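Examining the three-dimensional arrangement
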Amino acid sequence: MSERIQVAVVGAAGRMGKTVCAAVIDDPMLDLTAAIDRVSLGEPVPGVDLVVERDLQGAFDSRAVDVVVDFSLGEAVLANATLATANGAHVVIGATGTSAADRQALEQLALDRQRNILLAPNFAVGAILMMKMAQMGAAYCDRAEIIELHHDKKLDAPSGTAILTAQLMAEQLVQGDLGDKETVSGARGGDVGGIPIHSVRLPGFVAHQEVILGFLGQTLTIRHDSVDRTSFMPGVILAVKKISEYPGFTYGLDKFLDL
Ligand code: NAD
């Protein structure tokens, strides 16, 4: 990889993609070489001599791309990562909504292509600390539940952050069924590893999560709020700079932070 890192952003016309393009342009070590989306084609990317393009392969054919950053949608990431790694790029995935089978396929892809792939459901450092604290607390509490709150344009539920948090907590906490009965379907939330997740979708929210730990006579609430999409950018930029050092498939940015 050359000293400056050449970056292509997929989902570049979206809310996150636009913010990522701006953050890449602002960083002195990174060059934005392609902005890929399926909409807004031909629209100029502010601050750089580029327009939004449809064809990721076309970008590889015409210029250098070291890292592809994917903030499109969960169902697109496997195809994008397949194309990116076939062209020799590492991949940083922020899009959520991937299945367990997608994650397995990404792991195999990284192995087969000898390229590095990071899938991080949350790039906000505060959220990563929240997940770590929840994982620690899970070893001590009796029960736990997660409430995640997002803007009303979010397509997948529960959030990738909530799923990863529950998976991390379930390694420490086995909680049985309470034997309670739902009189309204879904009232007790979704279940990941035995941990209920409740998803709220409202205008006004960006990305928020509360993990409530229950103990005898006490509760502990761990809450993280992303109030602006810039909260994710230091993590995205760090991932782009470090991806070449982490072989294979990595799930969660915490592994890049040595937490
Ligand atoms: P958005 O709908 O505003 O943007 C998604 C963009 O991807 C759109 O412009 C869409 O046209 C484009 N797109 C979809 N499929 C595509 C494909 N196959 N090829 C090219 N472009 C494609 O959504 P958003 O709010 O920007 O969020 C994008 C993703 O990032 C979501 O999955 C969201 O959950 C996730 N997200 C992750 C983090 C994180 O920290 N990891 C933070 C916020 C959002």
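Going by the structure above, here's the rest.
A brief structural summary. Keep in mind it's a predicted model, so treat the numbers as computed, not measured. (Residues numbered from 1 in each chain as written. Predicted model: local features only at pLDDT ≥ 70, side-chain atom pairs only at ≥ 80, totals over all residues. Heavy atoms only, no water.)

1. Thoughts on the site of the ligand
- The environment of the ligand is formed by 23 residues, the closest being Met16, Asp37, Thr96, Ala120 and Phe123.
- The contact in question runs from an oxygen atom of the ligand to an N or O atom on the side chain of Asp37, over 2.5 Å.
- At 2.6 Å from an oxygen atom of the ligand is found a side-chain nitrogen or oxygen belonging to Thr96.
- Alone, the ligand offers 870 Å² of accessible surface; in the complex the protein occludes 84% of this.
- Residues of the shell around the ligand, tallied by class, amount to 12 nonpolar, 6 polar and 5 charged. (Near = heavy atom within 4 Å. Polar contact = N/O pair within 3.5 Å; in protein donor to acceptor, adjacent residues only side chain to side chain. Areas by Shrake-Rupley, 256 points an atom, 1.4 Å probe, with all protein chains shown as cover. Nonpolar A, V, L, I, M, F, W, Y, C, P; charged D, E, K, R; others polar.)

2. Points about the sheet that holds strand S11 (residues 218-226)
- Taken together, the 5 strands give an open sheet; going across it, the order is S8-S9-S7-S10-S11, and neighbouring strands pair in mixed fashion. A strand with exactly one partner marks an edge of an open sheet, and here the two such strands are strand S8 (190-192) and S11. Averaged over all pairs of adjacent strands, the angle between their axes in this sheet comes to 25°, without regard to strand direction.
- Pairing of strand S7 (residues 143-150) with strand S9 (residues 195-201), which is carried by 5 bridges, proceeds in the parallel orientation. When the sheet's bridge partners are listed, Glu148 is paired in S9 with Ser199.
- In the packing of helix H5 (residues 125-138) onto the sheet, the strands contacted are strand S10 (207-215) and S11, and the crossing angle to S11 comes to about 160°. (Pairing = 2+ DSSP bridges. Helix = DSSP H or I, 4+ residues; strand = E, 2+ residues; numbered from the N terminus. Axes fitted to C-alpha atoms, helices over the stretch in contact; angles between N-to-C directions. Contact = heavy atoms within 4.5 Å.)

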